[in-house]
Amino acid sequence: MICVSYVEKDGGKMISVPLWKRNVKVCRMPLLVIFAVLSMYVTVIIYMYNPELSEMLSGYQQALPEMMAAVGMTGVAANLLEWMQIYLYGFIMLLFPLIFILIMVQKLLMGPIEGGTLANLLATPNSRKKIICTQILSMIFFTALLFGMVTIVGIVSCEIMFPGELAVGRYLMLNVSTWLLQTAVTGIVFFVACCVSDSKSYYLMGAGLPVVFFLIQMVSNMGEKLEKLKYVTIYSLLPVEEIIKENAVFPLQNGVLFLIATALFLLGAWQFQRRDLSL
Amino acid sequence: MGKKSVMELEHVTKDYGNGKGVFDLSVTVERGEAFGYLGPNGAGKTTTIRQLMGFIRPEKGNCRIMGMDCFKQAQEIQKKTGYLAGELAFPEDMTGLEFLKFMAELKGMKDQRKMRDLMERFELNPQGKMKKMSKGMKQKVGIVNAFMHEPEVVILDEPTSGLDPLMQNVFVELILEEKKKGTTILMSSHIFEEVEKTCDRTAIIRSGRIVAVEDMKFLAGKRKKIYRVTLENQEAVKKLLTEPEIHIWKHSGSKEEIFSNQAELTVSGDLPGILKKFADYGVQDLEVRTQSLEELFLQYYETGVRGK
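These figures come from a predicted structure and were not determined experimentally.

**Student:** Could you give me a rundown of the interface of chain B and chain A, with the residues and numbers involved?
**Tutor:** Listed per partner, the contact involves 21 residues of chain B and 20 residues of chain A. Looking at the side of chain B that touches chain A, the elements that each hand over two or more residues are α2 (74-78) and α3 (96-106) of chain B. No other element matches α3 of chain B, which puts four residues into the side of chain B that touches chain A. Considered class by class, the residues forming the side of chain B that touches chain A number 12 nonpolar, three polar and six charged.

Here's what the structure looks like:
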């Protein structure tokens, strides 16, 4: 996001093409694996969609209300999109991308800092700014690619199994919002990687913070009294209600997520450019 | 006149606490000079080099290469600089050749001839994965990487570690050639011979402080002759050592034990008189050698800091 302006100004000079290609090579495998896992879940959940099962599952919700609520599975699905939202976007589409993000930031930034391979990059006429911009754009691009591919799988599966039943526009909006949310999470992980020097602290905070946010989200889903907790977790910024029920075009939450992501990437890049790197 | 300083350190300090770090370093390296940077492990050689490379910022003082600030203008400096890290970290999934090509692209190199020449010279077979490469092989990759873009300034952190003696010679030849071309070289080491063979001047760093900067030719002239005398018994040795012209030679770096009826010593005064004295004490054997540079440096290590 921040780098886009540079790219335009300098005619592509603010990113390093060889480094970009290298990033693609490095992230290809984890991207494909997580994509495969998500595709499987998406198709299975779509396959399972039928109103009778929906009733049975709402039976579960009555029997184990807290359990089901914790993972966001509440309410009766009135249509295919709601069904997908309930069973995919409370847990699976939040957690698996997080795993991908952690691996990706480790490979693109934390690993090179800790292992010292960053020294090779810095010993070339590429500024720290250029290097970090390339990494930021790669990260944003790979998460976008992951969501883009999963979205296509979702649409295609729906059209094959339940032609015409999916509200495609709102489904796209849901995915864009989830991607924005995950980009903000990438921002958190990225910022941590820019500040620390070893994988231990990276995983402790980079993985720890999103996981704590996620747990808080689960708890706040469970009860009325605990609902206030939603103000301390980033995951409550996924505008599910607005998209599903109110047809919002660009919910306010997305703006907030965009700002959070931008701020974290900028702060991280700033920190990266001024820090000592013991390579 | 005519000489221009290429690397400048002015009162550079980086304190890591517990006496670790570097303190008040001031050194200049001139154009076309090969400059040695000697010191034991943990003396601050790598810390100095990291500051020259712009990886870390000095707390105090200035660090410049070709007149540019090493941290702020690192990218400009790197256009004309080659670097070999002390601890090589290469992406393990790449082969040697893939890595070198990747680096060539990052450096914006159009011509890969020098890269091939160097690979041939160091008999580097770059097909294998980095993960499976030995230390020496990686070192060769690192050396090729440091020189392949024909840099004007080269910074080498312990360049010969892991190389076999044959390759060490190839390396020394390369340095001498580069020197002839006018390349400015800074080379850290704890091996005295490679510095002796290649460098014009050498700084000695100890506990983060530069204790001496010496001209290598001058240093070579300062070497002493050391006599190893074998006498009949220990008493005779003790007595000999009380003579005014005779001084016992001792340094903590001496590796071999000598027998109790032997002594290593330096002498002052005229040689015929000394030899007569040895004869008077019933000399059984006499060896003479020239003090190695290593011993000369060890003198600095031991007394340099105390003397200041």
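**Student:** Lay out the sheet that holds strand β7 (residues 153-157) of chain B in plain terms, naming residues and giving numbers.
**Tutor:** All names here are of chain B. The strand order across the open sheet formed by six strands is β6-β7-β8-β3-β9-β10, and the pairing between neighbours is mixed. Two strands in the sheet have a free side with no partner beyond their single neighbour: β6 (81-84) and β10 (209-215). Across the sheet, the mean angle separating the axes of adjacent strands is 15° when strand polarity is ignored. Sheet analysis places strand β3 (residues 34-38) next to strand β9 (residues 201-206), joined by four bridges and oriented parallel. Within β9, the position partnered with Tyr37 by the bridge is Ala203.

**Student:** Pulling in residues and values, what's your account of the pairing of β9 of chain B?
**Tutor:** Residue and element names in this part refer to chain B. Burial within β9 is extensive, with six of its six residues counted as buried. As judged from the six bridges shared by β9 and β10, these two strands associate in the antiparallel manner. Looking at β10, one finds that Thr202 is bridged to Glu214. Two successive antiparallel strands, β9 and β10, enclose a turn made up of two residues, where Ser207 displays a positive phi of approximately 50°.

**Student:** Give me the packing of helix α9 (residues 168-195) of chain A against helix α10 (residues 199-222) of chain A: which residues, what numbers.
**Tutor:** Axes are the key here: two packed helices are described by the angle between their axes and the distance separating the axes. Residue and element names in this part refer to chain A. The geometry of α9 relative to α10 is characterised by a closest axis approach of 9 Å and an angle of 160° between their N-to-C directions. Classified by the interaxial angle, the pair formed by α9 and α10 is roughly antiparallel. Considering the relative orientation of α9 and α10, their crossing is right-handed. Within the contact between the two elements, α9 uses Val185, Ile188, Val189, Val192 and Ala193 and α10 uses Tyr202, Met205, Gly206, Leu209 and Pro210. Tallied by class, residues from the contact of α9 with α10 come to nine nonpolar, one polar and no charged.

**Student:** An account of the sheet that holds strand β12 (residues 246-248) of chain B is needed here, citing residue identities and associated values.
**Tutor:** As a general point, the strands of a sheet are linked pairwise by backbone hydrogen bonds and lie either parallel or antiparallel. Residues and elements named next belong to chain B. The strand order β12-β13-β11-β14 describes an open sheet built from four strands, whose pairing is antiparallel. Only two strands of the sheet have a single neighbouring strand rather than two, namely β12 and β14 (285-290). Pairs of neighbouring strands in the sheet enclose a mean axial angle of 35°, with direction left out of account. Of the pairings in the sheet, the one linking β12 to strand β13 (residues 262-267) comprises three bridges and is antiparallel in character. What sits directly across from Ile248, in β13, is Leu265.

**Student:** Quick rundown of the nonpolar core? Include the residues and the values.
**Tutor:** Counting residues in hydrophobic clusters, the biggest one holds 143 residues, and the most contacted among them are Val105, Val189, Phe190 and Ala193 of chain A together with Val144 and Ile155 of chain B. When residues of this core are assigned to their parent elements, the largest contribution, 15 residues, is made by α9 of chain A. Contact partners of Phe190 of chain A, with chain neighbours within four places excluded, come to Val105, Leu109, Met139, Leu264, Phe265 and Gly268 of chain A. With nine residues, the next largest nonpolar core counts Tyr227, Val229, Val237 and Ala263 of chain B among its residues.

**Student:** Report on helix α10 (residues 271-280) of chain B, specifying residues and quantitative values.
**Tutor:** Summarising burial for α10 of chain B: zero of the 10 residues are buried, a small minority. Among the residues trailing α10 of chain B, Gly282 of chain B stands out with phi positive, at a value near 70°.

**Student:** So what about the confidence of the model for chain B? Which residues, and what values?
**Tutor:** All names here are of chain B. For chain B, per-residue confidence averages 88 on the pLDDT scale, and residues scoring 70 or more make up 93% of the total. This model gives residues 304-308 a pLDDT under 50, and the stretch forms eight contacts once residues within four places in sequence are excluded. For this predicted complex, the interface confidence score (ipTM) comes to 0.86, while the overall pTM stands at 0.86.

**Student:** Let's hear about the domain arrangement of chain B: which residues, and what values?
**Tutor:** On domain assignment, one finds that chain B holds domain 1 (5-220) and domain 2 (224-290). Taking only C-alpha atoms into account, the centre of domain 1 of chain B sits 42 Å from that of domain 2 of chain B.

Definitions and limits used
- Residues numbered from 1 in each chain as written.
- Chains lettered and ligands numbered in written order.
- Predicted model: local features only at pLDDT ≥ 70, side-chain atom pairs only at ≥ 80, totals over all residues.
- Contact = placed C-beta atoms within 7 Å.
- Helix = DSSP H or I, 4+ residues; strand = E, 2+ residues; numbered from the N terminus.
- Nonpolar A, V, L, I, M, F, W, Y, C, P; charged D, E, K, R; others polar.
- Pairing = 2+ DSSP bridges.
- Axes fitted to C-alpha atoms, helices over the stretch in contact; angles between N-to-C directions.
- Buried ≥ 20, exposed ≤ 12 C-beta atoms within 10 Å, placed from the backbone.
- Parallel < 35°, antiparallel > 145°, perpendicular 65-115°, else oblique.
- Left-handed = near helix turned anticlockwise from the far one by under 90°.
- Core = buried A, V, L, I, M, F, W, Y, C linked by C-beta atoms within 7 Å.
- pLDDT = per-residue confidence, 0-100.
- Domains from an automatic or database assignment.

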